[in-house]
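# Structural overview
Letter by letter, the chains look like this.
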Amino acid sequence: MDCRHNHPRPKDLHGHYRAGRLKDSEYTEVDKMTRARMPPRKILSKLKEDDKNNKTTLQQIYNARSTLRRKDFQDKLVMQQLLWLAQKKNYACQKKLDEFGHVTHLFIAHPECVKLELYFPQVLILDCTYKPNKYEIPLMNVDGEREVKKKKFKNAYEANERMWVYFSNDWNALQWSITEEVYEENVAKLLANWSVKYPEIIIYLRKQFLDNNKHRFVSAFKNHHKHFYNQATSMVESDHYRLKMNLFGKSLMMKHDDHPDDKWLRGLTHMVSHLCLELIMKEVDLMEKMDANSQEECVCKMRESMGLLCRHDLLRYKD
């Protein structure tokens, strides 16, 4: 048996656990930066900036943060820590347990929200339809001791929810109108469906959006400019949407490797963004379904808004 190493000696100690262990001073800095909500990669960059010989890895930063979190919990479970923090911050807190002692229902309200509810009990605003959670459970569950009140509230909520869905569909159709003619048709449909029931809302929409600002959000008008899909009026919402697409979608490398030998992407893979590849292949798929002698009028805004060829342009290069 040959007991010698079968690989050359490493040039440095980067990646070795003992060489990357945090010093006491560094551990304190990690604690401070974690409480300041600094992400792990930035914590690691700061440590390496302060010490050029630092061999700590990102995984060791995650491990240190996990250890600090366990110390803060003081051997409490996650639910116990949540209830303890709620009591410490004077939140209104109610919970229900099953026969095994498991939490089945939990209600937490900020002290200021409790005051507002006491001052204005006629109005209840629930914003619980957007934020996702890893447990895939609803953020609102109608509960109450009186079944009649619970049923009335549920019926009112569901009726308003359906009404909002119908209105939202009409508004979204207007917002994504591909041509000015389609936009005018969708405006007429919106007015016909809602001007009698909610005249104040229609007056507000016309004054604030449709009359003077339609070029800012309606596709038929904004697609005359290169926006590269940055179409949200709020930059925070736009970045949030893009982040979620990257987190829950396929990775950048997988996008580029999806079509390694495609003739339409020759010379483009690993040279342009994955969004560009996705848009090109979408237009290629639409082009393949078209008749080679099609005389269909092109109303696409791909060249104007994205700087890319649409399916009608690609059809000329098919052969």
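Residues numbered from 1 in each chain as written. Predicted model: local features only at pLDDT ≥ 70, side-chain atom pairs only at ≥ 80, totals over all residues. Heavy atoms only, no water.

## Quick word on the nonpolar core
Rules: Think of a nonpolar core as a cluster: buried Ala, Val, Leu, Ile, Met, Phe, Trp, Tyr and Cys residues, connected wherever their side-chain atoms sit within 4.5 Å. For the exposure calls, accessible area comes from a 1.4 Å probe over protein chains only, and a residue counts as buried if that area is under 20% of its type's maximum, exposed if over 50%, partly exposed in between. The numbering of helices and of strands both runs from the N terminus, where a helix is a DSSP run of H or I of at least 4 residues and a strand a run of E of at least 2.
In this structure, Leu265, Ile280, Val284, Met287, Met302, Met306 and Leu308 are the most contacted members of the largest nonpolar core, which totals 16 residues. Where this core is concerned, the elements lending two or more residues are α12 (274–288), α13 (302–306) and α14 (311–315). Considering each element in turn, this core owes the most residues, 7 residues, to α12. One finds Phe167, Tyr183, Val187 and Phe221 within the second-largest nonpolar core, a separate group that totals 14 residues.

## Some points on a nonpolar patch on the surface
The line we're drawing: A patch is a set of surface residues, each over 30% in relative accessible area and not in a salt bridge, joined within 9 Å for like charges and within 5 Å for the nonpolar side chains Val, Leu, Ile, Met, Phe, Trp and Tyr. To be clear on the numbers: accessible area is Shrake-Rupley with a 1.4 Å probe, and residue cover counts the displayed protein chains and nothing else. By definition here, a salt bridge exists when the distance from a side-chain nitrogen of Lys or Arg to a carboxyl oxygen of Asp or Glu is within 4 Å.
Taken together, Met79, Leu82, Tyr91, Leu97, Val103, Leu106 and Ile108 make up a surface patch of nonpolar side chains, about 510 Å² in accessible area. With 3 residues, the single largest contributor to the nonpolar patch is strand β2 (residues 103–109). For Val103, the position within the fold is in strand β2.

## Brief notes about the side chain of Gln81
Where we set the bar: Contacts are assigned to residue pairs with any non-hydrogen atoms lying within 4.5 Å of each other.
Take Gln81: it is sitting in helix α4 (residues 78–88). Residue classification places Gln81 among the buried residues on the basis of a relative accessible area of 7%. Not counting chain neighbours up to four residues away, the residues in contact with Gln81 comprise Asp72, Phe73 and Lys76.

## With respect to the packing of aromatic side chains
In plain terms, the rule: Pairing of aromatic rings covers Phe, Tyr and the six-membered ring of Trp, with a centre-to-centre limit of 6.5 Å; geometry is then stacked below 30 degrees between planes, edge-to-face above 60, and tilted otherwise. The rule for a charge over a ring is simple: NZ of Lys or CZ of Arg within 6 Å of the ring centre, and within 35 degrees of the ring normal.
Summed over the entire model, instances satisfying the criterion amount to 5 aromatic pairs. Centre to centre, the rings of Trp164 and Phe167 are 5.9 Å apart; their planes meet at 35°, and the pair counts as tilted. Placement of the pair is Trp164 and Phe167 together in helix α6 (residues 147–175), with a separation of 3 residues, close to one helical turn. With centroids separated by 6.1 Å and ring planes inclined at 75°, the aromatic side chains of Tyr204 and Phe209 adopt a geometry described as edge-to-face. In this structure Tyr204 comes out as partly exposed when scored by relative accessible area, which is 46%. Residue classification places Phe209 among the partly exposed residues on the basis of a relative accessible area of 30%. One aromatic cluster is present, formed by Trp164, Phe167, Trp194 and Tyr198 through successive ring pairs. When the ring centre of Trp84 is taken as origin, the NZ or CZ atom of Lys76, which lies over that ring, is 4.8 Å away.

## Some remarks on the pairing of β2
Heads up, the rule is: The criterion for strand pairing is that DSSP finds at least two bridges linking the strands in question.
Sheet analysis places strand β1 (residues 92–97) next to β2, joined by 6 bridges and oriented antiparallel. Across the sheet, residue Gln94 finds its bridge partner in β2, namely Phe107. Hairpin remark: β1 followed by β2, antiparallel, with 5 residues in the connecting loop; positive phi at Gly101, about 85°.

## So, the side chain of Asn54
Rule in force here: Under the rule applied, a polar contact is a pair of N or O atoms within 3.5 Å (in protein, one hydrogen donor and one hydrogen acceptor; residues adjacent in sequence only if both atoms are side-chain atoms).
Along the chain, Asn54 falls in the loop between α2 (40–50) and α3 (58–73). A polar contact of 2.9 Å, which involves the side chain of Asn54, links it to the side chain of Glu26.

## Notes on helix α1 (residues 24–35)
Heads up, the rule is: Given the number of residues in a helix, its expected span is that number minus one, multiplied by 1.5 Å. The directions considered for the arc are those from the helix axis to the C-beta atoms.
Over its 12 residues, α1 runs 17 Å from end to end, which matches the ideal 16 Å to within 8%, given 1.5 Å per residue. Of all the residues in α1, the buried ones are Glu26, Val30 and Met33. Looking straight down α1, one finds that the buried residues subtend no more than 70° of arc, so they occupy a single side. Turned more than 90 degrees away from the buried face of α1, the exposed residues are Asp24, Lys32 and Arg35. In the stretch just after α1, Arg37 is the one whose phi turns positive, near 65°.

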